[in-house]
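Structure assessment
Here's the letter readout for the chains.
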Amino acid sequence: MPEITYREAVRHALAEELERDENVVLMGEEVAQFNGAYKVSEGLLEKFGPKRIVDTPITEAGFIGTGIGASMLGIRPVMELMFWSFYSVAFDQILNNAANVRYMSGGLINCPIVIRGPANGGTNVGATHSHTPENVLANHPGVKVVVPATPADAKGLLKSAIRDNDPVFFLENTMLYGLKGEVSEDKDLLIPLGVADVKREGTDLTIVTYGRSVLHSLEAAEKLAKEEKINVEVVDLRSIRPLDIDTVLKSVAKTHRVLIVEEQKPFASVGTQLGFMIQEEAFDQLDAPIIRVTTIDAPAIYSPPVEVEQLPNVDRVYTAALQAVKS
Amino acid sequence: MVSKETPTTTITDAAKAAINAQLSADEKIELYRKMVRIRRFEERSLRAYQSKKIGGFLHLYIGQEAVAVGACSLMGEHDHVITAYRDHGHAIAVGMETGPLMAELYGKVTGCSKGKGGSMHYFAPDKNYWGGHGIVGGQIPLGTGLAYGVKYQGKKGSAMAFMGDGAVNQGAVHEAMNLAGLWDLPCVFVIENNRYSMGTSQIRSSAGPGLAERAAGYGIHWAKCLGHDVYEVRACLNDCLELARNESKPSVVEIDTYRYRGHSVADPDKTYRTRDEIDEYRKNKDPIAVFQRELSDEGVLNEDLIKEIDTAAREEAEKAATFAEESPFPTPADIQRDVYWETDHPEQRTSKGRLFFS
Ligand SMILES: Cc1ncc(C[n+]2csc(CCOP(=O)(O)OP(=O)(O)O)c2C)c(N)n1
């Protein structure tokens, strides 16, 4: 299988789905003529033309709302937020309309929209540009929230998201766009939403994680194996809602210890939810308290060397994993 | 198709407008010096960025200096300013010192925001400067709020809220304009039309005949002027500020200007405009060159003084960079400072519940 970047994987998924279904359109700020702020949509305007690849003004509430409206008619819009951080500008449309319309209409109206774009910190752009909104989004029944960690997952999950009949929020991590990995060229390679992936098998500790933290966790796990003979299992959730808690529980039954790693502030986060569900369904399996590594609880700091410390990193995962195993 | 390029009103004899006629030679030199200082500061910051001393984004204001300098030179005790992420020019124009500004770009604890905000988030409330803001258009309702505060406190003042041509399309901008019109708030909405939002020309982003014209829908006074001539900026904005201060009326001003650099340093302009277009502006409408000519004709500037101002500005920028280089970074413990007033002032803490923090 060819090795491509995460950025290319997203682009290939878009191109293949645009080709497959003429109801698919890509819309957003600078996606067409400028090839996307992060160059995800490079070449798509040339290939699919301005009817399918649409530049919008800087009007998040307006264009996201337009996409939601179009999706009610059966169009399958993929909306790019230049940064997921700007979801707040379109918040009313996303939550009051996209998340609710199917329910409020008693199932009469579907909303097959995908909203996607880069999220998370790590690029030193400060508090307004470093949001991790997956917990806020996932708090709303009616929506799906997907966070791929590898190029292959990015492609397979995005294709599924575009074919899904519900609103799917697809959070790419800015720091991952350059990551390379093997990706199948099968045009129908779909990874179903809501299936977690055991990225590394192990027996001593379960790390439950998603997004860029998967990479930190895998690296820490390799180090722990080498230096401490500790065998860590890494479960990548891949989607936050639907949430594959069964795969997590199966792993907990094997290792009896849990570390949650998330690039989220800790209060009311995805990890908070996970910790509760694990104790609810597998309390008897636990040999030690669940612990977690999160973003340090504050708005994103700009200062580049300090932002590195604010986010989960390999060292922090390593130390916490040791603590989890030794407690 | 109706052309979306509207003719721009030119104020004839802006230099002779009362607000400019009363300027002393020293004051004129100070206006000129500020523009040069902004430019040299930004050129120095660009070099620091290229040598990877600065992270994140760096949006340069080069080409637009006459707007911030002209506007901020009109500020009195109760006049306030707020702007977007392209905020270095306004910060220097309101009188912030370049050392802490450069240190902020370097992410140092001596930065004006202690290394927490970066390039897009300069603030100096002691200079009535309410910041650089990263969400396009998000600062405009805040500007309306500043004007509300001025009026509420019974002060004879105003708030100038700056935005780019792209920002004008945001819903929040129009909600803010409506409120300002509805409540007669002393707000001056300043559109710095540099013709592009990132890679999108104004013609591709905005419906209707023009940007300032939209104010008519809210019954708000509007005006347009050219932005490369600091006299003209001052003459035009002064009328609006007087309207705000004396009659508590808002206005919308669209200023025709241009940025030489890409949208940000990380995002150079290769595709959406021509070299010729940039060179054309630089040659004929560079705000510093234009003012230099004007002041030389008036006999206020001469070769020696021009050189002296430029050398001083370069030295100042270099000193700012040295200050930034030599300053320490924040520590990880600083991450959780400045989040809550209460945690920074534990002795005066009033909350009973836990903040679940630290
Ligand atoms: C709500 C929001 N959407 C998108 C962006 C990304 N963005 C930053 S600057 C910019 C262009 C803004 O152009 P304009 O308002 O004309 O200001 P200029 O850059 O020309 O000074 C965009 C799209 C943002 N920061 N905030």
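Given the structure is predicted, the values throughout are model-derived calculations rather than measurements.

The rules behind each value
Residues numbered from 1 in each chain as written. Chains lettered and ligands numbered in written order. Predicted model: local features only at pLDDT ≥ 70, side-chain atom pairs only at ≥ 80, totals over all residues. Heavy atoms only, no water. 1 Å grid on protein atoms, 1.4 Å probe; cavity = no way out; pocket = protein on both sides within 12 Å on 5 of 7 lines; lining within 4 Å. Points joined across faces, edges and corners; volume = space filled by probe spheres on them. Helix = DSSP H or I, 4+ residues; strand = E, 2+ residues; numbered from the N terminus. Nonpolar A, V, L, I, M, F, W, Y, C, P; charged D, E, K, R; others polar. Expected span 1.5 Å × (residues − 1). Contact = heavy atoms within 4.5 Å. Pairing = 2+ DSSP bridges. Axes fitted to C-alpha atoms, helices over the stretch in contact; angles between N-to-C directions. Core = buried A, V, L, I, M, F, W, Y, C linked by side-chain atoms within 4.5 Å. Buried < 20%, exposed > 50% of the residue type's maximum accessible area, 1.4 Å probe, protein only. Buried area = accessible area lost by both parts, 1.4 Å probe. Salt bridge = Lys/Arg side-chain N within 4 Å of Asp/Glu carboxyl O. Polar contact = N/O pair within 3.5 Å; in protein donor to acceptor, adjacent residues only side chain to side chain. UniProt positions renumbered as here; feature names shortened; annotations may be inferred. Near = heavy atom within 4 Å.

Some words on empty space enclosed by the protein
Residues and elements named next belong to chain A. Taken as a whole and judged by the stated rule, the model has two cavities of 30 Å³ or more. One number sums up the size of the largest cavity: a volume of about 70 Å³. For the largest cavity, the lining is made up of 13 residues, of which Asn-120, Val-147, Asn-173, Gly-211 and Arg-212 are closest to its centre. For the lining of the largest cavity, the element with the highest residue contribution is strand S7 (residues 168-173), accounting for three residues. Residues that form the lining of the largest cavity fall into these classes: four nonpolar, four polar and five charged. Considered as a void within the structure, the second largest cavity measures approximately 30 Å³ in volume. Across the lining of the second largest cavity, the residue classes tally to four nonpolar, six polar and no charged.

Re helix H6 (residues 139-152) of chain B
Here H6 of chain B contains 14 residues, and its C-alpha end-to-end distance of 20 Å stays within 8% of the 20 Å for a straight helix at 1.5 Å per residue. If you follow the buried residues of H6 of chain B, they end up packed against strand S1 (79-82), strand S2 (158-164), helix H7 (171-182) and strand S3 (187-193) of chain B.

Points about the sheet that holds S3 of chain B
All names here are of chain B. Taken in spatial order, the five strands line up as S1-S2-S3-S7-S6 in an open sheet, and their pairing is parallel. The strands lining the two open edges of the sheet, one partner per strand, are S1 and strand S6 (221-226). Neighbour-to-neighbour, the strand axes of this sheet turn through a mean angle of 20°, independent of strand direction. Alignment of S1 against S2, held across four bridges, turns out to be parallel. When the sheet's bridge partners are listed, His-80 is paired in S2 with Ala-159. Contacting S1, S2, S3 and strand S7 (251-256), helix H3 (residues 65-72) crosses the sheet at an angle of about 175° to S2.

A few points about the nonpolar core
If you look at the biggest cluster of nonpolar residues, it comprises 118 residues, and the most contacted ones within it are Leu-14 and Leu-158 of chain A together with Tyr-32, Met-160, Val-188 and Leu-237 of chain B. With ten residues, the top contributor of residues to this core is helix H2 (residues 25-50) of chain B. Not counting chain neighbours up to four residues away, the residues in contact with Leu-158 of chain A comprise Val-10, Ala-13, Leu-14, Val-114, Arg-116, Asp-153 and Phe-170 of chain A. Formed by 43 residues, the second largest nonpolar core is a distinct cluster that contains Ile-94, Val-101, Phe-169 and Val-258 of chain A.

Overview of the interface of chain A and chain B
Between chain A and chain B, the contact holds 33 residues from the first and 38 residues from the second. Between chain A and chain B, roughly 2,800 Å² of surface is buried when both sides are summed, and carbon and sulfur atoms account for 66% of that area. Its largest share of buried area at the contact with chain B, chain A owes to Phe-34, Ile-58 and Tyr-302 of chain A, together 24% of the area lost on that side. Counting across the interface, chain A meets chain B through one salt bridge. For the salt bridge of Asp-55 of chain A with Arg-204 of chain B, the shortest nitrogen-to-oxygen distance reads 3.0 Å. Viewed at the interface, chain B and chain A are joined by eleven residue pairs in polar contact (both at pLDDT 80 or more).

Re the pairing of S3 of chain B
All names here are of chain B. Of all seven residues in S3, seven are buried; the element is thus mostly enclosed. Residue alternation in S3 divides its side chains into two sets, Cys-187, Phe-189, Ile-191 and Asn-193 and Val-188, Val-190 and Glu-192, and both sets are buried. Looking at chain direction, S2 and S3 are connected through six bridges and run parallel. Looking at the pairing, Ala-159 lines up with Cys-187 of S3.

Description of the UniProt feature "domain: Transketolase-like pyrimidine-binding" (unreviewed entry) in chain A
Per the UniProt annotation, the sites labelled "domain: Transketolase-like pyrimidine-binding" (unreviewed entry) are residues 4-179 of chain A. For residues 4-179 of chain A, helix accounts for 36% and strand for 17%, while the C-alpha atoms at its two ends are 8 Å apart.

Things to note about the layout of surface pockets
Of the volumes computed, that of the second largest pocket is approximately 440 Å³. Lining the second largest pocket we find 18 residues, and of these Pro-299 of chain A together with Ser-113, Lys-116, Gly-117 and Asp-338 of chain B sit closest to its centre.

A few points about the site of the ligand
Contacts to the ligand come from 22 residues, most closely from Glu-60 of chain A together with Tyr-85, Arg-86, Gly-166 and Tyr-196 of chain B. Lying at an intersection of chains, the ligand is approached by residues of chains A and B. Val-136 of chain B places a main-chain nitrogen or oxygen 3.0 Å from a nitrogen atom of the ligand. In this structure, Asp-165 of chain B approaches the ligand through a main-chain N or O atom, which is 3.2 Å from an oxygen atom. When its residues are assigned to classes, the shell around the ligand shows ten nonpolar, eight polar and four charged.

Describing the environment of Ile-301 of chain A
Structurally, Ile-301 of chain A is set in the loop between strand S14 (291-293) and helix H11 (304-310). By relative accessible area, Ile-301 of chain A is classed as buried at 2%. Expressed as a C-alpha distance, the spacing of Ile-301 of chain A and Val-125 of chain A, which sit 176 residues apart in the sequence, is 8.3 Å. Setting aside chain neighbours within four positions, we find Ile-301 of chain A in contact with Val-306, Glu-307 and Gln-310 of chain A together with Gly-115, Lys-116 and Ile-335 of chain B.

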